[in-house]
Amino acid sequence: MRNVDVVIVGASLAAAAAAKRLVDAGLETVILERKELPRHKICSGILSPRGHRFLLENFGPLPPETLHEPTACRGVTFHFPSMVSMPMDFFHGTTPHLHRKYSDHWAIQRSGAEVHDQTSFAGLEDRADHVLVHARQNGAPIEYRARQVIGADGPSSLVVRAVYPDYTKQIPWFFVGQKFHEIIDCPLSPDYFHFWFHPGLGHYTWSHARDGRQIVGVGFKRGDNFAKKHQVVEQYLRDKHGVQLKPADDDHEGCAENFGPSLINRYVFGKGNVLVTGQAAGFLNMIGEGMSCALHSGAISGEAIVEAQRRNRPVQEIYRKMIASEVRRCSDQWNPLKIAFERPHEADFPEALMKLSWRERGLVLRDMWRFIVLFKEFKWGRQIASAALQRPLVGGYSMQRWL
Amino acid sequence: MNIPPVEPGTVGPCPVAPDALQGIKRQQTNPARWNGAGWQAFVADLRTAGVELAESRAACGAYATDAGGTAYGQPHGVAIARSAGEVAALLRTAQAHRVPVTVRGGGLTTEGESVAYGGVLLDMTGMSRVLAIDATALTVRVEAGIYWHSLAEELRREKLDYLSAPLNLTSSVGGTLGVGGIDVNSARLGCSADQALSLQVVTPTGEIVECSDTENVELFQRVILGYGQFGVITEATLRVRPYTPLSMHYYYYSSLRTAIEDLQMLDRNDASDYSGILTIMDCAVNLLVAFDSDEREAAFRRDWEARLRGHGEFGFALCMLGHYALRPWKAGEALYLLKRKQAVFPEFRRPEYMRDNKMHDRSVVFSRAVWKHWGSRNMVIPDLATPADKFVAAVERGNAVCRKFFAHYTLYCVGIKLRPEHRPHYEMSCVPPDAEGWAYGCEFEPMIEGEVYSRDHFQAFKNAIYDIGVDLGASYYRFGGMMKGYIRRTFGDELVDKHLAMKRRADPAMILNRDVIF
């Protein structure tokens, strides 16, 4: 059995950030990854400026192989059924278009932690002063004895399932899928990430350029048909935006998403010596960008372990106190009061709105409302409203709601 | 594939390259941990050279963080400095094996400058003796690892005092000379680094060299305010002065601008021996003025006191009462001010340090107060140093940033008298390049009050303050750690590259304090 300070499950950006903090502090850290590295990862790859800054400050300049073409993104363009489009530049400059297969691997290598790939997490036992982690390496069982475990294994987290077996049944699940098309003619600017507030297309509809092809992506409640949904979007882009695309290539991809916890402040941070971080914990920014909160929350999980050891305090207590700032930042992006009166996002929505004519503003607000109504079935309204009111009253979001 | 057109002969801007991000220069500022290559061979050589090295987890763990409390790192081994010869042997061996050496005095850095991310941590506090006091020439020779308060204690026995030193108990002489050091008398006597007459320095290649304004001048210029890049200070000769207790006066303002203008007026006219501003947020701004002698105090009362626009304690209390009576929704703020006043003010008037209405031992009084009422596990103190004319703007903008990030905070402002003949010392240091006569410094210190914040919250706060510095063309008291991202933006590539070239010549393997500024 291998005896280490910390085991991190998953080899993503959150894991790299946590590993960086732990290794810097001199803790022996092992990262477990199910696949062989570098591994493929489904992602738009559009990082927010805050995530860009984090990567630069902690891992150094990005090597060319970590980027897709176009290498950068200027901002986000919102499209509405009324055919109003709102391009918004990021506040802090252009951001990289990450090739997740290589960027994640690069960050993991730069963190300095030991990586065990082709090792899948199979379960854990929290024994109060240590955690026993069961895994399978190339099919053979292997065990680790760690002081703490960090679950950074994404939305359908096995670590979360090990700690909270019922959790996956408690939240609604979505599916996001993207297909890649050769371009015949595409009037959508390749400098922007395009997002549609259109209830007829799906819960999360986007498109952007990558390596000479156009991505057409669609997100919807799990159970619907990806091919059909995709077809509707493709047709819509052709009819309404004049996007001429060849039929999709074979390499389409999709995954399950736990969209929702950051809207209603229902994060899951783990129990005892097991910390959950990144998207596994529920962090997702408003444009569906999970990388920057993964990096920051991952780093905080690492900091919390170091801090807890130094102060001889329970790690959960420290982690939950430290993560509050990231919760505030992330949930603020979904908070209607914040959106209306402040600038919680990294692109200026209110300013872009003010550039429109009065009529267009009216149409945009109407379309947004109709889009929001699409989410009515999840009954989040009251929870979002109470979180929004809580924010100015107590200066944050209630920790009581976190798992 | 979409490749943007490029004019012949030009290279187009790279959207993910240096200037793609506004705010912070694109640079790795959290250094990667040193990989430990060749450590065993280095340790063997070091032991042969007779240098003691502790490698146990407990020994290394004691140095895991600094006063900032946000950067954590563990060295591979710790060496406690015993003599210049031993430091020289360590640096020679490290240079040969390319092992990074991080030097630590009191460990009062705030950005992880004295935290070792692998390699050797050299703890200078092992060299902490006073070697000689010359009461007639008014100089003292000390080992550089000595704390200022220990030095003060020894000087007091000879009825002497240091000129100016940081207002905390455990910063070391060597560390302070490397970065600056300010006191409430800096507007008159300059920063701590300017009181050094000569130094014994161990260069990064392991030579023991004496330097001063007349001997090895260039090394002296680089080591003073040099952020530990060009050598380890092992001994220092400092100017001292006769000890005097001081009489304090406090004036209260509700406007930062007025208080700063008055502070600068006093400094320009040499109207006081000590002057500084200490605030409770921007609500209660306290200008403190103090004197070494009754004559100076009388002159101040005669010529300058009437020109100050501040109130006495009672008058200010009345003003505040009126202010908050009209703004009942700010009752929380008023309560905090009152609570703070009751906790902090008696600290400066403790009977054991007051005799005949004069304060004895200001270093103890101030340091105690600083640690007791401002200190916490995280010393997050970003700061700005500007020429006199830009100071008000810097403080007002920094104040707005503090308000945005924290519920409660303190600002601490002082003037720093510059020595024109020391201009070469100031190159690429905390002293802003365009400052004439005085530089002004302001520390922005949030009250952590037992809260736990993530490192990113602090970092975002610090960046917001430092961005003001870049915008105004100011400098900072400290550079290092995360500040590394700002040094080129502040001083420009040409100057930084010049110093980098000097550093490379002096330290070929780039082992000494290597991730601090370059």
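Residues numbered from 1 in each chain as written. Chains lettered and ligands numbered in written order. Predicted model: local features only at pLDDT ≥ 70, side-chain atom pairs only at ≥ 80, totals over all residues.

A. Inspection of the overall build of chain A at higher detail. Of regular secondary structure, chain A possesses 12 helices and 18 strands. Computed over its C-alpha atoms, the radius of gyration of chain A comes to 21 Å, within 12% of the 22 Å expected for a compact globule of 403 residues. C-alpha extents for chain A along the principal axes are approximately 65 × 50 × 40 Å. Within the span of chain A, comprising 403 residues, buried residues form 52% of the whole. Summarising the internal contacts of chain A: among those between residues at least 6 apart in sequence, 72% fall at separations of at least 24. (Helix = DSSP H or I, 4+ residues; strand = E, 2+ residues; numbered from the N terminus. Rg over C-alpha atoms; globule rule 2.2 N^0.38 Å. Buried ≥ 20, exposed ≤ 12 C-beta atoms within 10 Å, placed from the backbone. Contact = placed C-beta atoms within 7 Å.)

B. Focus on the interface of chain A and chain B. Taken together, the contact pairs 40 residues of chain A with 29 residues of chain B. At the level of elements, α1 (13-24), α2 (49-59), β3 (67-73), α7 (291-311) and α8 (315-332) of chain A are the ones that each hand at least two residues to the side of chain A that touches chain B. The dominant element in the side of chain A that touches chain B, judged by the number of residues it contributes, is α2 of chain A, at seven residues. Grouping the constituent residues of the side of chain A that touches chain B by class yields 18 nonpolar, 12 polar and 10 charged. (Nonpolar A, V, L, I, M, F, W, Y, C, P; charged D, E, K, R; others polar.)

C. A look at unusual backbone geometry. Along the chain, L37 of chain A connects to P38 of chain A via a cis peptide bond; the corresponding omega equals -5 degrees. Position of P38 of chain A among the secondary structure elements: in the loop between β2 (29-32) and α2. Its identity is not glycine, yet L138 of chain B carries a phi of approximately 55 degrees, on the positive side. Here L138 of chain B is to be found in the loop between β4 (130-134) and β5 (139-143). The exposure class of L138 of chain B is partly exposed, given the 14 C-beta atoms found within 10 Å. You will see that N513 of chain B, though not glycine, has its phi angle at about 45 degrees, which is positive. Looking at the secondary structure, you find N513 of chain B in the segment after α16 (484-506).

D. Inspection of the domain arrangement of chain B at higher detail. Residue and element names in this part refer to chain B. Domain annotation of chain B identifies domain 1 (39-125 + 501-506), domain 2 (127-243) and domain 3 (247-487). The C-alpha-based centres of domain 1 and domain 2 are spaced at 21 Å. At the junction of the two partners, domain 1 supplies 19 residues and domain 2 supplies 25 residues. Put simply, the parts of the chain that give the side of domain 1 that touches domain 2 at least two residues each are α3 (84-97) and α16. A total of seven residues in the side of domain 1 that touches domain 2 trace back to one element, the largest contributor, which is α3. (Domains from an automatic or database assignment.)

E. Layout of the sheet that holds strand β2 (residues 101-104) of chain B. Residue and element names in this part refer to chain B. Ordered in space as β1-β3-β2, the three strands form an open sheet in which the pairing is parallel. Looking at which strands have only one partner, the edges of the open sheet turn out to be β1 (77-80) and β2. Between one strand axis and the next, the sheet turns through 25 degrees on average, direction left out of account. Judged from the four bridges that link them, β2 and strand β3 (residues 120-123) form a sheet pairing that is parallel. Across the sheet, R104 pairs through a bridge with D123, a residue of β3. Packed onto the sheet, α3 meets β1, β2 and β3 and runs at close to 165 degrees relative to β3. (Pairing = 2+ DSSP bridges. Axes fitted to C-alpha atoms, helices over the stretch in contact; angles between N-to-C directions.)

F. Quick peek at the packing of α1 of chain A against helix α3 (residues 100-111) of chain A. Residues and elements named next belong to chain A. Look at α1 against α3: their axes get within 8 Å of each other, and the N-to-C directions meet at 10 degrees. By the angle class used here, α1 and α3 are roughly parallel. On α3, the residues that touch L13, A15, A16, A19, K20 and V23 of α1 are D104, A107, I108 and S111. Broken down by class, the residue content of the contact of α1 with α3 amounts to seven nonpolar, one polar and two charged. (Parallel < 35°, antiparallel > 145°, perpendicular 65-115°, else oblique.)

G. Up close: the sheet that holds strand β15 (residues 383-387) of chain B. Residues and elements named next belong to chain B. Strands sit in the order β10-β12-β11-β16-β17-β15 across an open sheet of six strands; the sheet is antiparallel. Lying at the two open borders of the sheet, with one neighbouring strand each, are β10 (247-253) and β15. Taking the axes of each pair of neighbouring strands and ignoring which way they run, one obtains an average angle of 20 degrees across the sheet. Of the pairings in the sheet, the one linking β10 to strand β12 (residues 284-291) comprises seven bridges and is antiparallel in character. Its bridge partner being in β12, Y251 is matched across the sheet by L287.

H. Fine view of the packing of α2 of chain A against α7 of chain A. Residue and element names in this part refer to chain A. At a minimum axis distance of 8 Å, the contact between α2 and α7 shows a crossing angle of 45 degrees. Between α2 and α7, the angle falls in the class oblique. By crossing handedness, the relation of α2 to α7 is classed as left-handed. Between α2 and α7, the residues in contact are R50, G51, F54 and L55 and M291, S292, L295 and H296, respectively. A breakdown of the residues in the contact of α2 with α7 according to their chemical character gives four nonpolar, three polar and one charged. (Left-handed = near helix turned anticlockwise from the far one by under 90°.)

I. Broad picture of the nonpolar core. Residues L90 and L122 of chain B are the most contacted members of the largest nonpolar core, which totals 254 residues. Among the elements that line this core, the one with the most residues is α7 of chain A, at 10 residues. (Core = buried A, V, L, I, M, F, W, Y, C linked by C-beta atoms within 7 Å.)

J. Up close: helix α6 (residues 226-241) of chain A. All names here are of chain A. With 16 residues, α6 ought to run about 22 Å at 1.5 Å a step, and its terminal C-alpha atoms sit 21 Å apart, in line with that. Buried residues along α6 sit against β11 (174-185), β13 (204-210), β14 (213-221) and β15 (244-248). Phi turns positive, to about 70 degrees, at G242, one or two residues after α6. (Expected span 1.5 Å × (residues − 1).)

K. View of the pairing of strand β4 (residues 75-79) of chain A. All names here are of chain A. The element β4 is largely enclosed, with a buried count of five among its five residues. Here β4 pairs with strand β5 (residues 85-89) via five bridges, running antiparallel. Looking at β5, one finds that G75 is bridged to D89. Between β4 and β5, which pair antiparallel and follow one another directly, the connecting turn spans five residues, one of which, M83, has a positive phi of 65 degrees. Bridging between β4 and strand β12 (residues 192-196) involves five bridges; their strand directions are parallel.

L. Up close: α2 of chain A. Summarising burial for α2 of chain A: 11 of the 11 residues are buried, a large majority. Along α2 of chain A, the residues that are buried comprise P49, R50, G51, H52, R53, F54, L55, L56, E57, N58 and F59 of chain A. The elements touched by buried residues of α2 of chain A are α1, β6 (95-98), α3 and α7 of chain A together with α16 of chain B. Following α2 of chain A by one or two positions, G60 of chain A adopts a phi angle in the positive range, close to 90 degrees.

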